[in-house]
Structure formats: C-alpha cells, structure tokens
Amino acid sequence: MDKKSDIDSGSGSDSVFTISETMKNIDDSVEDTVDDLMHESEDDFEEEEEEDDDEDMSENESDGDDNNNPTSNWLGITPASIRKEVLKIHEERKVKAKRFLKDFQGKLTLSYDWLLLGYRDHTIAPVKHEDFTCLSAHFIDDDWKVRKWILGYTTDASIPMDDLLTYHFRTAVQSFEIQNKVSTILLPNDEDFDEKTVDAIKKYMGEEGLPVNVVYCCADLFRLMVDDLCGRFRWGLYEELRMLVSWGRCFSTPNWNVTLYHYGLALDMHKEDAFSKDEIYDEYDKPSDEEWVQIETYCKLGGCVYKVAKELFEEGGYSTCNVYFHLLAELKVMLKKEVDGGGGGGESDGYFVGKAKKMLKMFDKYWGGMFVVLAAACVLDPRFKMKYVEFYCAKKIDGDEGSKAETVLDYLRSLFARYAASEFCQKPICSVATVDHEEDEDDEDEDYGDDDDEEADKEEKEKPDAYKDFALFQEFLKYEGSSPREFGDSELDAYLKEPIIEWDKDFKALEWWKEKSQTYPVLSRVARDVLSIPVSRATSYDAYVTEKREPPESVLSMDAKAANAVMCGRSWLPLIK
C-alpha cells in the first residue's frame, strides 16, 4: 500500500524527519460487509459458542432497529444473516487454506502481536473488546510473493492466565495442521516470553530434530531504545514546546519519528537563540537548561536510530530480511562512535554518554541473539554473499576474533544439507494453481511486493541516498575481501564462488532468486524460506508507534467469532480460489 507523507526539515538538522498522516488500517470492502455486526455478543474464536450466547444474540437481533427497516426486511438482510454468511464463507475457505498450507513446500514463520485499544474520544459503536491477539503466518509463495495470513484473531477473555502465551500458537498450529511447516517464530521484545515460555511454544512445531528459530521484533527494539531516551522528560514538556514552536495539534501518543522531528525543530530554534531574540516568546514557558540537554541527547541518539529505521521501514516498501544485517551493523557503529566520542566535551557529557551506553547495551543484547539468522540472510543477498559478513567480523566491532563468519557459513551449510537431502527440493520452484494471484484491492495490504506507480518511482529517485552517509557501508565498498576460501561442488559453494553483483540500492532479492531458481533449485528453496522471515511485526509507519498498535475500529464491537472470521478473511480469503 502506498503511504505518502509531508516532509519538513528544520534548519540545522542533521537529517530529514518524516511526518505521516494517521493512516486508516481498515479494509473498506470488509467494513461494508460487516457494518451491521456491531451489536453481537462475545464468543470464542475456536467456534465453541455457548447456547445461552446464541439465545441472547437472537433476542438482541429480534429487538434491533433492522426490524424497523422495511427495505432490510424485504431483502432478508439482518445482522444475523450477515454474520451467518461471513462465518460460513470463513469455514469453507479455511478448508482450502489448510489444504494449501499442507501442500505448500516451504517454511512458515508465526508471529504474535497483541493489539490494545488506546484512548478514543469517540467510537462508532459500543466497544465489546478492547484487545485482540493476532497470530499470523508469513511465507513466500511459489510466485515469490511475500504473504501474511492471519490464522487467529482472538480475545483472551476465556483463556487461563497460565496458558495465555502458548495458547494462540498451539491452537493455530493444530487448527491448520502446520506442525512440520514452522521454522521460525517472531516475538515482541516487551512481552513475558521467557525461556520457559518460548520452549513450551517451540515443542508444538518444527520437524523432529530440526530447531525452530526465534527472532525478535526490530521495530520494538527501536521503540524501546527511543522510549528510554525520553524516560526522564518532565510531563507536559512536549505540550509546552508545542505551544512555543506552534507545530499544531498535540496528539496524546504521536509516533516517535514525529516526536523526534518536533523536538529537533525546537532544538534548532533554541540553538539559533530564537526564543530570546523575539519578544513574542516571553510569555511562554520554556525548557530549563537541563531539559535542553535532555532534548539534544534525544535528538542526537534518536536520530541515529531513525536514520536506519527510515531505510528499513519507509524506503522502497517492505524490506526482506537480507537488508537488516548491514543496516543494523551501521546503527551499532553509529552508537559506538557516540559512546567513544564522549558527547563532544561539554558539561552534559555524563548524561549523554550514559544514555548512549544504555542504548548500545540494549542493541548488543538484541544483536547477539539475532546475529546468525540476519547474517545468513545477508549471505543470500548476491550483493553481499560472505563478503560483508567477513568484512564486519574483520573489523572486530563485537570484540571477537572473526570466528562468527565461520559460524554463519557452517549454519548455511547445515541448512543447505537438510534441503539437499530432500528429493522434492531438487526440483525448481514453480507456480501452483491453488493460489489466485490476480490481486484485488482487498489484498493490497498483504502483498508487500511490487509498486508499479511511475510517479512514486520518480519521487524515489529524487530522494537523497542515505547510504552515502553510512560510514561503515562506504568502507565496505572499498573492501577487497579476505584470503580466498576453498569451496566444494555444491550449489551453495557455486553461488559463493561467483563474484558479488554490483551494488544497487533498489535491488530486489526475491526477483533475483526467482530468476535463478533453475540454476540453484535447492539453494533457491533455502533462500525463499530464509528471506520469508519477517524481522519486524509492524511495517511502514506502524513501526514508529510509541505504544501498542490498535485493533481496527471495525471489529471492536463484534463478537469474537465474527471478528476472527473477518480479520482472517481480510488476509487470506481473497488469495484462495
């Protein structure tokens, strides 16, 4: 989906910050279909509907306003009939979805997302559920298109607390019979997924003897890092600056990239002494000197995070996981540089360095757990192959002896050997007829692939290239490589022997592997499954939310069973014939 925004730049700013308008995430066609479902009673998504709930719902419907609508009665359209049809279609298509996933010769990633309704000054109908858990399957289909299917959109009301986090995974895996299809689970960084809970989830999935990867949401990491920067900000400071700088309406929870832009604008004016030169500012409250130090620290360190986040979440649409390694490595170098620089030699150095060190510590914890998976995806990018991983390890940025490069290569060799042992994997990937690839508007949100809009492409080319300012990447372009390796005769070795292709920022790894699937039939299957791993649950401007993402307004007043049918339908019903 093409999301545009107005871009402003404050004078003296190091980078340009993007302001996005609030984007509405509700699919209009589905919304129209379920518009009359707002007064139904609650139920559980596993179709275990209580008889007393049915009776209550029937009573409510018989007393509803629709009985007073002669047109509705004449056509036989009531909330009950709409709900019944929605559930019927969902059940019919779920059978085909299960069949597709059973026949699909690739791997899935399951992601967990808890959506919570925030403050709303108005709602279109009484709110029956304030939170939902969304369990989704991510994969790349046989046409090399990235897919996200919602397998469960449920409430937690009837789930025992001790089973809360494992229930959704277990139910989805068993309901869709995908026990041997799941290779990875994507979890949030800020939930109670301790080691015991993760192990309990993993036992329900994965082939026997094969490990299930666990990855954590990159957008969550960025949010937590930026949130820590403003943890000591005085309550009301943001509103105070809004009045001072007059940047418009103050939202209660703006996305952090918007907040960063606003603070940067105020800081630029402060550095220019604009608030002292003009008498118009005399009647306004202003931040103290200590608070200006906090704001400057927020802008400088938050700007480092945003510089990378912008490349991941805004530039070029959905980012497959092959681009995360080199961009996150760039962020690590930027943060380390700020720590080593000591803040520039001012009185505020202690505060600045303390915050920079804490951010770097948070990053290192994430980086350590994600290194091998992200590096393997980087190797499967023909612009990098092993060269970038070897370059990074040779820098000894993590303080090791470069052994991590061998660990990554061993991981890929082991993964390739498992695929090569399968007779089916010897065949190139070819399209199957179970999926209808004639996209319609309902599928726009879930197809992360191509953007054929010529005007958007033209605007993209006119944007400045942030890679020119990435010091580590510019150093990599001059890197000649390490001593030659000895390679065998496998497809993986043949791929690694070939020179890397010329750098192109707009390169699409999936398109390249689709073209090369005849040359590398086994390795292309490895690449498809590795590149299908999402490293962030939220994409585009949703990646900048400061709190929980919210469920769409259209499902808040539905009973749980109808909400599940509608949300699953949005993601996979249009794709199944």
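Structural notes, computed from the coordinates. Here the residue numbers are simple positions, counted from 1 along each chain's written sequence. With pLDDT at 70 or above as the cut-off, local features in this predicted model cover only qualifying residues; side-chain atom pairs require 80 or more to be listed or tallied, and sums for whole chains, interfaces and linings still use all residues. Working from all heavy atoms in the structure, the side-chain values ignore hydrogens and water.

Digging into the overall build of the protein
Counted only if it meets this: Secondary structure elements are taken from DSSP: a helix is a run of H or I of four residues or more, a strand is a run of E of two residues or more, and numbering for both begins at the N terminus. Relative accessibility decides the category of a residue: with a 1.4 Å probe and only protein chains considered, values under 20% of the type maximum give buried, values over 50% give exposed, and everything between is partly exposed. Residue contacts follow a heavy-atom distance rule, with two residues in contact if any of their heavy atoms lie within 4.5 Å. Each accessible area is a Shrake-Rupley result for a 1.4 Å probe, and residues are judged covered by the shown protein chains and nothing else.
Secondary structure assignment for the protein yields 21 helices and 7 strands. Each of the 577 residues in the protein was classed as buried or not, and the buried ones make up 52%. When contacts within the protein are restricted to residue pairs at least 6 apart in sequence, long-range pairs at least 24 apart make up 78% of them. By element, 47% of the accessible surface of the protein is carried by carbon and sulfur atoms, the whole surface being about 27900 Å².

Side note on the side chain of S536
Selection criterion: Distance and chemistry together define a polar contact, namely a pair of N or O atoms within 3.5 Å, with one atom able to donate a hydrogen and the other to accept it when in protein, and with adjacent residues in sequence counting only for side-chain atoms on both sides.
Inspection of the secondary structure assignment puts S536 in the loop between α20 (521-531) and α21 (560-572). Under the relative-accessibility criterion, S536 is labelled buried at 4%. At 2.6 Å, the side chain of S536 forms a polar contact with the backbone oxygen of A538. In contact with S536, other than residues within four places in its own chain, are L186, C217, C218, A219, F313 and Y324.

Section: the environment of L260
In this fold, L260 is placed in helix α9 (residues 256-271). In the structure, L260 is positioned 34 residues away from V226 in sequence and 9.2 Å away in space, judged by C-alpha atoms.

Examining helix α4 (residues 79-103)
Rule in force here: The span one expects for a helix is its residue count, reduced by one, times 1.5 Å.
Compared with an ideal rise of 1.5 Å per residue, which puts 25 residues at 36 Å, α4 spans 36 Å between its outermost C-alpha atoms and is within 8% of the ideal. Taken together, the buried positions of α4 are occupied by P79, I82, R83, V86, L87, H90, K94, A97, F100 and L101.

Quick word on helix α15 (residues 404-420)
To keep it simple, the criterion reads: Starting at the helix axis, one direction is taken to each C-beta atom, and the arc is that of these directions.
The end-to-end C-alpha separation of α15 is 24 Å, in line with the 24 Å expected for 17 residues at 1.5 Å each. Those residues of α15 lying buried are A405, V408, L409, L412, L415, F416 and Y419. Buried residues of α15, viewed axially, fall in a sector of 125°; they line one side. Of the surrounding elements, those touching the buried residues of α15 are α13 (349-379), α14 (385-394), α18 (491-497) and α20.

A closer look at the pattern of salt bridges
Let me state the cut-off plainly: Take a side-chain nitrogen of Lys or Arg and a carboxyl oxygen of Asp or Glu: if they are within 4 Å of each other, that pair is a salt bridge.
Overall, the coordinates contain 25 salt bridges when judged by the stated rule. Among the ionic pairs, R242 bridges to E239, the shortest N-O distance being 2.8 Å. In this pair, R242 and E239 both sit in helix α8 (residues 237-245), 3 residues apart, roughly one turn of the helix. Judged by relative accessible area, R242 falls into the buried class, the value being 17%. Using a relative accessible area of 33% as the deciding quantity, one classes E239 as partly exposed. The residue E296 makes a salt bridge to K271 at a minimum N-O spacing of 3.5 Å.

Quick notes on the packing of α13 against α14
We count it as follows: Whenever a helix is involved, its axis is fitted only over the stretch in contact; in every case the axis is a line through C-alpha atoms, and angles between N-to-C directions fall within 0 to 180 degrees. Think of it as three bins: nonpolar holds Ala, Val, Leu, Ile, Met, Phe, Trp, Tyr, Cys and Pro, charged holds Asp, Glu, Lys and Arg, and polar takes everything else, Gly as well.
Where α13 meets α14, the axes come as close as 7 Å, and the angle between the chain directions of the two elements is 145°. Across the interface between the two elements, W367, F371, A375, C378 and V379 of α13 pack against K385, M386, Y388, V389, Y392 and C393 of α14. Across the contact of α13 with α14, the residue classes tally to 10 nonpolar, no polar and 1 charged.

What to know about the packing of aromatic side chains
How we decide: Within 6.5 Å between ring centres, the rings of Phe, Tyr and Trp (the latter by its six-membered ring) count as paired, and their orientation is classed by plane angle as stacked under 30 degrees, edge-to-face over 60, tilted in between. Whether a charge sits over a ring depends on NZ of Lys or CZ of Arg being within 6 Å of the ring centre and within 35 degrees of the ring normal.
Scanning all chains against the criterion turns up 45 aromatic pairs. For K385, the ring lying beneath its charged end belongs to Y495, and the centroid distance is 4.4 Å. The ring of F371 is capped by K404, whose NZ or CZ atom sits 4.4 Å from the centre of that ring.

A word on the side chain of K181
Assignment of secondary structure puts K181 in the loop between α5 (164-176) and β6 (182-187). Within the structure, the side chain of K181 is placed 3.2 Å from the backbone oxygen of K102, a separation counted as a polar contact. From its side chain, K181 meets the backbone oxygen of F104 in a polar contact 2.4 Å long. Leaving out residues up to four positions away in the same chain, K181 has contacts with L101, K102, D103, F104, G106, K107 and L108.

What about a negative patch on the surface?
As a reminder, the rule being used: Candidate patch residues must exceed 30% relative accessible area and have no salt bridge, after which like charges are joined if within 9 Å and Val, Leu, Ile, Met, Phe, Trp or Tyr side chains if within 5 Å. His is not counted, nor are the chain ends, whereas Lys and Arg count as positive and Asp and Glu as negative. Here the site of a charge means NZ on Lys, CZ on Arg, CG on Asp, or CD on Glu.
Residues D192, D194, E195 and D199 make up a contiguous surface patch of negative charge. Considering the arrangement of structural elements, one finds D199 in helix α6 (residues 195-202).

Points about the pairing of β6
The condition is simple: Strands were regarded as paired on the criterion that DSSP finds at least two bridges between them.
A large share of β6 lies buried, amounting to 6 of its 6 residues. Sheet topology places strand β3 (residues 108-116) next to β6; 4 bridges connect them, and they run parallel. In the sheet register, L108 faces β6, and the bridge partner there is V182. One ladder, built from 4 bridges, connects β6 with strand β7 (residues 213-216); its direction is parallel. Residue pairing across strands places I185 opposite V214, the latter belonging to β7.

Some details on the sheet that holds β6
Sheets are built from strands that pair by backbone hydrogen bonding, the pairs being arranged parallel or antiparallel. Strands sit in the order β5-β4-β3-β6-β7 across an open sheet of 5 strands; the sheet is mixed. One side of each edge strand has no neighbouring strand; the edge strands of this open sheet are β5 (146-154) and β7. On average, each strand axis in the sheet is inclined to that of its neighbour by 25°, with strand direction left out of account. Pairing geometry for strand β4 (residues 131-140) and β5, over 8 bridges, is antiparallel. Of the residues in β5, the one forming a bridge with C134 is Y153. Seen against the sheet, α6 touches β6 and β7 and runs at an angle of roughly 145° to β6.

Some points on the nonpolar core
Using the following cut-off: For the purposes of this section, nonpolar cores are sets of buried Ala, Val, Leu, Ile, Met, Phe, Trp, Tyr and Cys residues that join through side-chain atoms within 4.5 Å.
The biggest cluster of nonpolar side chains holds 115 residues, and the ones touching the most others in it are F222, W256, Y324, F325, Y388, Y392 and W513. Apart from the residues lying within four places of it in its own chain, the contact partners of F222 are W256, V305, V308, A309, L312, F313, L328 and L331. With 44 residues, the next largest nonpolar core counts L135, L151, I178 and M567 among its residues.

Brief notes about the environment of K84
As for its placement among the helices and strands, K84 is situated in helix α4. You can call K84 exposed: its relative accessible area is 65%. Separated by 478 residues in sequence, K84 and A562 have C-alpha atoms that sit 8.9 Å apart.

Observations regarding the environment of D268
The residue D268 is located in helix α9 in this model. On the accessibility criterion, D268 (8% relative accessible area) is buried. Taking the C-alpha atoms as reference, D268 lies 9.6 Å from E296; in sequence the two are 28 residues apart.

This is a description of form; function is not addressed.
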